Amino acid sequence: MENVLSILFCLSLFYVSITSRVKGYVAVLQFQGLLLTVLVFLPFIKNFSIFGIILPITLLVVKVILVPRYINKIILDLDIKRVIEPTIQQIVFLLLVIATMIVIFLTSSILSQSTELEVIPFASGFSAIALGIYIIIFRKKLIVHVCGFLVLENGIFLFGTAVASELPMMIELGVLLDVFVVVFLMGIALNKIRSTFEGFEVTDLGRLKD
Amino acid sequence: MIGFSILILLPLIAALFCYVVKNLRVQYNVSVLVSLLHLFLSLMIFLGYYHVQLPTFFSFDSLSKLFLVILSNVYFWVVLVSFTYLKRPVTSKAQEGKKYYFLLLNFYLASNSAAMLSDHFGMYWVTVEMTTLSVAPLIYYYRNEEALEAMWKYLFLVSVGIAFAFIGILFLTLSANGTALEGKQLFFWEFIRNAKELNPIWLKASFIFIFVGLSTKIGIAPMHSGDVDATSNAPSPIAALMSGSLRLTALLGVMRIFQIITPTSSFEFARVILIIGGLFSLFTAFVFMFKVNNYKRMLAYSSVEHLGIITLGIGIGGLAFIGALYHAIYNSITKVVLFLSAGNIHSRFKSREVDKVKSVLNIMPKTGWLFLLAYLAISGIPPFGIFFSEIKIFEGILFSDKPFVLALVMIFLLFIFINMGKIIFTMLYKKGDEEVSQTKPEKFNIIHLAAILLLILLVVIAVTSPEIIYQNILNVAKDFGMKL
C-alpha cells in the first residue's frame, strides 16, 4: 500500500513539472497532503488509539486544508497572474525532472542492497526534494517558490516515513507547526512585497548586493 | 523544574505578557527582568553552583553550558539597550514594528535556550526553526524595501537550509540501521556512545547535509548571503543578537554531529569539510572587504570571517579547538559593541553608506572611540580577547598536520584587517562638510555604558583567564575526544 501511495505521489510530481498554472501547484499540494495523511493513518487501522490519531488529523488540517486555502487566498488577494513564469521551457524542465528521478531511483536501489530501506517511498521522497529545489531555481514567481518549498517539505515527510524513523509525536507536531508558521510568515511578506515593490517576482528583489 | 521554568517557560510567559500589555516601558522592564534572571541562572549553572533537573529531550553538558552563558550574556545587553534604541524616531510605518519587538525577543530567548539545551536531534531542529521564525519579523523592523527583501531572503534561505538539515537527521537514522540504536530515539548522547557502530556512508551523508543546511544560518560561505543581508539590514540590537548568539546556535548542531563522527573512520572526512568551509568563509570575507561600501555589511562579513575562524579551529582540532571556543566567547562580546556603535552612527547619519559618514570622531566622539576600540578588538589587537584566542588557533594550526593552512589564514586576515581599517578610519577621520559647532554634543546614554562595560569584560576575561572557563572548555574538548 505504501508503494502505491508513493507512486501516486511521484505522478503528482510529474504533474507539477508540466503544469503552467499556479492553481495546479496548490491542487497538487493538497493531493500530496492527502496521500501523506493516508500514509500516516494506515498503521492505525489495525491497532486504533485515540492518542495516535492526533498526528494524521493535524496533518490533514495543516497540509490539506489550511495551507492550500491560505495560498489560494494570497493568490486571490494579491491578484497574481495565474500562470507561472518559468525561466526555462516546460519540456526541458520535465526532461530534467525525469532524468533526476531516474538517477535517484537507480541510486536508491543500489543503496538498498547495503542498507535496509524501502526503495519506492525513499526515492519518491527524494525526487520531491529535488523537484522542490528545481522549482525554486527555475521559476520566477515568489508564490511558486513557496509552493516549491512545500513540495520539498512533503518530500522530506515521505522520505522520513520511508527510513522508518520513529520521531516522537510531539516533535512531529512541532515540525508541522513550524512549517505552517513559515508559510504564514511568507504569506505576510508576500503581501508586503506586493505593496512595496508592486511585483512578486524574484527579479524585483535585487537591492541587496555588493 | 525551577531552572527549566526560568530558562524556557518564563521567557514564553513574558512573550505572552508582551502580547497582552501594550505599554512599551512595561514590556521593557519585564524583558530586562527576565533576561537578568536568565543570565543569573545560566551563570550559576556554568559556575557549578546550581544543578538543574531538565525534562526529557533536554540536558546539560559542558558545551551547552558554555553556549547558554554566551547567549544569555549577549541577550541581556541587547535587551538592556533596546528601549533607548526604540525611542529613536522612525517612519510612521515602522512604528508598527515596535509593538511586537519585545514579544519576539522573549520568544527568541525561549526558543534559543531550548535549542541550546536540547539533547535530541528532533527537538533541536524544531527549536532552531523557531529561532528563525522569531528573528525574521525583527529583521523587518524598519519596514522599508531593503529590510523586506532581507527578511524574505533570510526566511526562505534558512528554511530551505534547515529542511536540508532535517534530511541529514534522517540520514543519521539510516546510519543506525542494524546497530543497537535502531528504532531508538535520536538522542545525541546515545549516538555519541555508539558512534563506532554507525554506517559510515550514511554518516558522511548526514554530516554533509547537516553542515550545508545549517551553514545558511551560521553564515559559512558559500551559503552566507541570506545571513549577511539579514544582519546588515536588521536593527542594530537584532544584528548583534544574530551575530553574537544565533549563529552559535546553528554551529552547535554542526558540533553535535561532528562529535558523533569524531571516534569513527569518517572523522578525517568531516574535518576536511570543516576546514574547507572555514577557509572559504575567510576567503569570501577577504574578497568582499575590498568592495563593500556599507559599514553594516562590512560587520556582517566580519561575522562570516570570525565564524569561519571558529569552524576552522574546530576542524583543525587540538589547541585550535580550545582557541575556537574562546573565540566564540570573545567574538560574541565584541560583535555586540561593534553593532551597537554602528547603530548609533546609523541613527546620526541616517545612512549605512560609508561615503556618507564623515568625521565621526568629531561629531560623536563617544561612539567614535568605542567603535575604534571595538575594531581594534575584533582585529585581534592585545589586550582584547580575540588576540589570545587567535594566537591559540594559529598555534594549533601550526602544530597540526596541515600547517600550510596558517599561511592562507594569515594572508586573508591581514587584508581583512587593512580593508576594514580603511573603511573605519575613513568614517572616523575624513573631514565632512558639517562643522562640529553646528551639531549638538553627543549625550552619554546606556548604549555607551553597555559598550564600555562589555569592552572591560572582554579585557578582564582575556587577561585574568578564569580557571572555570578554561576547565569548561577543556571538558568540551575531552567530550570531543581531542588530543591536546
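Residues numbered from 1 in each chain as written. Chains lettered and ligands numbered in written order. Predicted model: local features only at pLDDT ≥ 70, side-chain atom pairs only at ≥ 80, totals over all residues.

1. Here's the deal with the overall build of chain B
Of the regular secondary structure elements, chain B holds 20 helices and zero strands. For 484 residues, the compact-globule formula gives about 23 Å, and the C-alpha radius of gyration of chain B, at 22 Å, lands near that figure. Dimensions along the principal axes, computed over C-alpha positions, put chain B at roughly 75 × 55 × 40 Å. Counting the 484 residues in chain B, one finds 59% classified as buried. Partitioning the contacts of chain B with sequence separation of at least 6, the portion at a separation of at least 24 is 80%. (Helix = DSSP H or I, 4+ residues; strand = E, 2+ residues; numbered from the N terminus. Rg over C-alpha atoms; globule rule 2.2 N^0.38 Å. Buried ≥ 20, exposed ≤ 12 C-beta atoms within 10 Å, placed from the backbone. Contact = placed C-beta atoms within 7 Å.)

2. Observations concerning the interface of chain B and chain A
Listed by partner, the interface residues are 34 residues for chain B and 33 residues for chain A. Secondary structure elements with two or more residues in the side of chain B that touches chain A: helix H6 (121–139), helix H7 (145–175) and helix H12 (267–291) of chain B. For the side of chain B that touches chain A, the element with the most residues is H7(B), which contributes 17 residues. Split by residue class, the side of chain B that touches chain A holds 20 nonpolar, seven polar and seven charged. (Nonpolar A, V, L, I, M, F, W, Y, C, P; charged D, E, K, R; others polar.)

3. Digging into the packing of helix H17 (residues 385–398) of chain B against helix H18 (residues 404–429) of chain B
Residue and element names in this part refer to chain B. Contact pair H17 / H18: the axes reach a minimum separation of 7 Å and the direction vectors enclose 145 degrees. Along this stretch, H17 crosses H18, giving a crossing that reads as left-handed. Contacts from Phe394, Ile397 and Leu398 of H17 reach H18 at Val405, Leu406 and Val409. Residue composition of the contact of H17 with H18, grouped by class: six nonpolar, no polar and no charged. (Axes fitted to C-alpha atoms, helices over the stretch in contact; angles between N-to-C directions. Left-handed = near helix turned anticlockwise from the far one by under 90°.)

4. Regarding the confidence of the model for chain B
For chain B, the mean per-residue pLDDT works out to 93, and 99% of the residues sit at or above 70. Scored by ipTM, the complex comes to 0.94, with pTM at 0.95. (pLDDT = per-residue confidence, 0-100.)

5. A few points about the packing of helix H10 (residues 225–233) of chain B against helix H13 (residues 295–316) of chain B
Residues and elements named next belong to chain B. Look at H10 against H13: their axes get within 8 Å of each other, and the N-to-C directions meet at 135 degrees. On the basis of the axis angle, H10 is oblique to H13. By crossing handedness, the relation of H10 to H13 is classed as right-handed. Within the contact between the two elements, H10 uses Val228, Thr231 and Ser232 and H13 uses Lys296, Arg297, Ala300, Tyr301, Ser303 and Val304. For the contact of H10 with H13, the class distribution of residues is four nonpolar, three polar and two charged. (Parallel < 35°, antiparallel > 145°, perpendicular 65-115°, else oblique.)

6. Focus: helix H2 (residues 22–41) of chain A
Taking 1.5 Å of rise per residue, the 20 residues of H2(A) would be expected to cover 28 Å, and the 29 Å separating its terminal C-alpha atoms lies within 8% of that figure. Residues of H2(A) that are buried make contact with helix H1 (2–18), helix H4 (54–78) and helix H7 (142–162) of chain A. (Expected span 1.5 Å × (residues − 1).)

7. A few points about the environment of Phe31(A)
All names here are of chain A. If you trace the backbone, Phe31 turns up in helix H2. Phe31 gets classed as partly exposed once you count the C-beta atoms within 10 Å, which come to 19. Taking the C-alpha atoms as reference points, Phe31 and Pro68, separated by 37 residues in sequence, lie 10.0 Å from one another.

8. Remarks on H13(B)
All names here are of chain B. With 22 residues, H13 should cover 32 Å at 1.5 Å per step; its first-to-last C-alpha distance of 31 Å lies within 8% of that length. Taking burial as the measure, the 22 residues of H13 include 22 buried ones, the bulk of the element. Backbone geometry just downstream of H13 places Gly317 in the positive-phi region, at approximately 85 degrees.

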